Amino acid sequence: MSDETAKQARRDRVFLVVVDDSPERAVALRYACLRAAKSGGRVALLRVVEPVEQAEWAGIEAMMQQERREEAEALLNGLAAQVTEITGGLPILLVREGAASEQLLTLLEEDPRISILVLATAADGKGPGPLITALTGRLSARLSVPMTVVPGNMSDEELERVT
C-alpha cells in the first residue's frame, strides 16, 4: 500500500456513535472523537427517532413526528460542536426513523464510509445495554463492521490513555 493510499484510508475511517439519551453516550462519543483525531478519521453521529404511537388524527401524529425529528437535529448539532472541537473536523450527522437496532444495521449495510461502530456499556454496571446485547446476540450475523465497546464509566484521563 502506497503512502498516499494509507493516508486516504485513515481519512476515510469513520467512527459511528449512536446518539441515545443514556449517560454513557458521552463516553462513547469522546472515545470516538479521540480515536478519529489521533488516526485522521471522522466521526458520524446517528440519532434514531422512534415512531410516534398511533394518534387519533394523522395531522397530530405527523406534527409529533416532525417535532421529534427537529429535536434530534438540534441535539446532533449541539454534539457536532463537541466533535469539531476535539477532532478539528465536521461530523457526519444522520437522523433515521424507526427501531434503533434495525435502523443502525440498515445504515451500516448502506453506508460504506462507516468503518467502526463505537458504543459504551452502562456506567452503573447493570450490563451492556439493550443495543449491545442485541448486536452481540441475535443480530450479530448482520453486523458488517467491527464494534468497539467502551466501559461507560471511563474517565476522560483513561480515555486519553487508551486512545
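Residues numbered from 1 in each chain as written. Predicted model: local features only at pLDDT ≥ 70, side-chain atom pairs only at ≥ 80, totals over all residues. Heavy atoms only, no water.

Some thoughts on the overall build of the chain
A count of helices and strands for the chain gives six helices and five strands. Shown N-terminal to C-terminal, the secondary structure of the chain runs as helices and strands in the order α-β-α-β-α-β-α-β-α-β-α. Every one of the 163 residues in the chain was classed for burial, and the buried ones make up 40%. A fraction of 72% describes how many contacts in the chain between residues 6 or more apart in sequence connect residues 24 or more apart. (Helix = DSSP H or I, 4+ residues; strand = E, 2+ residues; numbered from the N terminus. Buried < 20%, exposed > 50% of the residue type's maximum accessible area, 1.4 Å probe, protein only. Contact = heavy atoms within 4.5 Å.)

What to know about the confidence of the model for the chain
For the chain, per-residue confidence averages 89 on the pLDDT scale, and residues scoring 70 or more make up 89% of the total. Mean pLDDT values for the elements of the chain range from 54 in helix α1 (residues 3-12) up to 98 in strand β1 (residues 14-18). (pLDDT = per-residue confidence, 0-100.)

Observations concerning a nonpolar patch on the surface
A cluster of nonpolar side chains, namely Ile60, Met63 and Met64, defines an oily patch on the protein surface of about 250 Å² accessible area. Along the chain, methionine 63 falls in helix α3 (residues 58-87). For methionine 63, a relative accessible area of 49% translates into the label partly exposed. (Patch = residues over 30% accessible without salt bridge, like charges linked within 9 Å, V, L, I, M, F, W, Y side chains within 5 Å. Areas by Shrake-Rupley, 256 points an atom, 1.4 Å probe, with all protein chains shown as cover. Salt bridge = Lys/Arg side-chain N within 4 Å of Asp/Glu carboxyl O.)

Observations regarding the environment of valine 17
For valine 17, the position within the fold is in strand β1. Considered as a pair, valine 17 and leucine 45 are 28 residues apart in the sequence and their alpha carbons are 5.1 Å apart. Among all residues touching valine 17, those that are not within four sequence positions of it are Ala28, Leu29, Ala32, Ala44, Leu45, Leu46 and Val118.

A few points about the sheet that holds strand β4 (residues 114-120)
Taken together, the five strands give an open sheet; going across it, the order is β3-β2-β1-β4-β5, and neighbouring strands pair in parallel fashion. Bordering the open sheet on either side are β3 (92-97) and β5 (147-150), each of which pairs with just one other strand. Pairwise comparison of adjacent strand axes, ignoring direction, gives a mean angle of 25 degrees for this sheet. Here five bridges tie β1 to strand β2 (residues 42-49), and the two strands are oriented parallel to one another. Paired with phenylalanine 15 across the strands is valine 43, a residue of β2. (Pairing = 2+ DSSP bridges. Axes fitted to C-alpha atoms, helices over the stretch in contact; angles between N-to-C directions.)

Re the pattern of salt bridges
Per the counting criterion, the structure on display carries ten salt bridges. A salt bridge links arginine 96 to glutamate 110; the shortest N-O distance between them is 2.7 Å. Here the residue arginine 96 occupies a position in strand β3, and glutamate 110 occupies one in helix α4 (residues 100-110), the gap between them amounting to 14 residues. Accessibility expressed as a relative area gives 18% for arginine 96, which makes it buried.

Quick look at the nonpolar core
Ranked by internal contacts, the top residues of the largest apolar core, which has 25 residues, are Val17, Leu29, Val43, Leu45, Val118, Val150 and Leu159. The set of elements that each furnish at least two residues to this core consists of β1, α2 (25-39), β2, α3 and β4. For this core, the element with the highest residue contribution is α2, accounting for eight residues. Contact partners of leucine 45, with chain neighbours within four places excluded, come to Leu16, Val17, Val19, Leu29, Leu76, Leu79, Ala80, Val83, Ile92, Leu93 and Leu94. Of all hydrophobic cores here, the second largest spans 21 residues; its members include Val48, Ile92, Leu119 and Ala134. (Core = buried A, V, L, I, M, F, W, Y, C linked by side-chain atoms within 4.5 Å.)

Some thoughts on α2
The terminal C-alpha atoms of α2, which comprises 15 residues, lie 21 Å apart, in line with the 21 Å expected from a rise of 1.5 Å per residue. Looking at α2, one finds that the buried residues are Arg25, Val27, Ala28, Leu29, Tyr31, Ala32, Cys33, Leu34, Ala36 and Ser39. Two residues or fewer after α2 comes glycine 40, characterised by a positive phi angle close to 80 degrees. (Expected span 1.5 Å × (residues − 1).)

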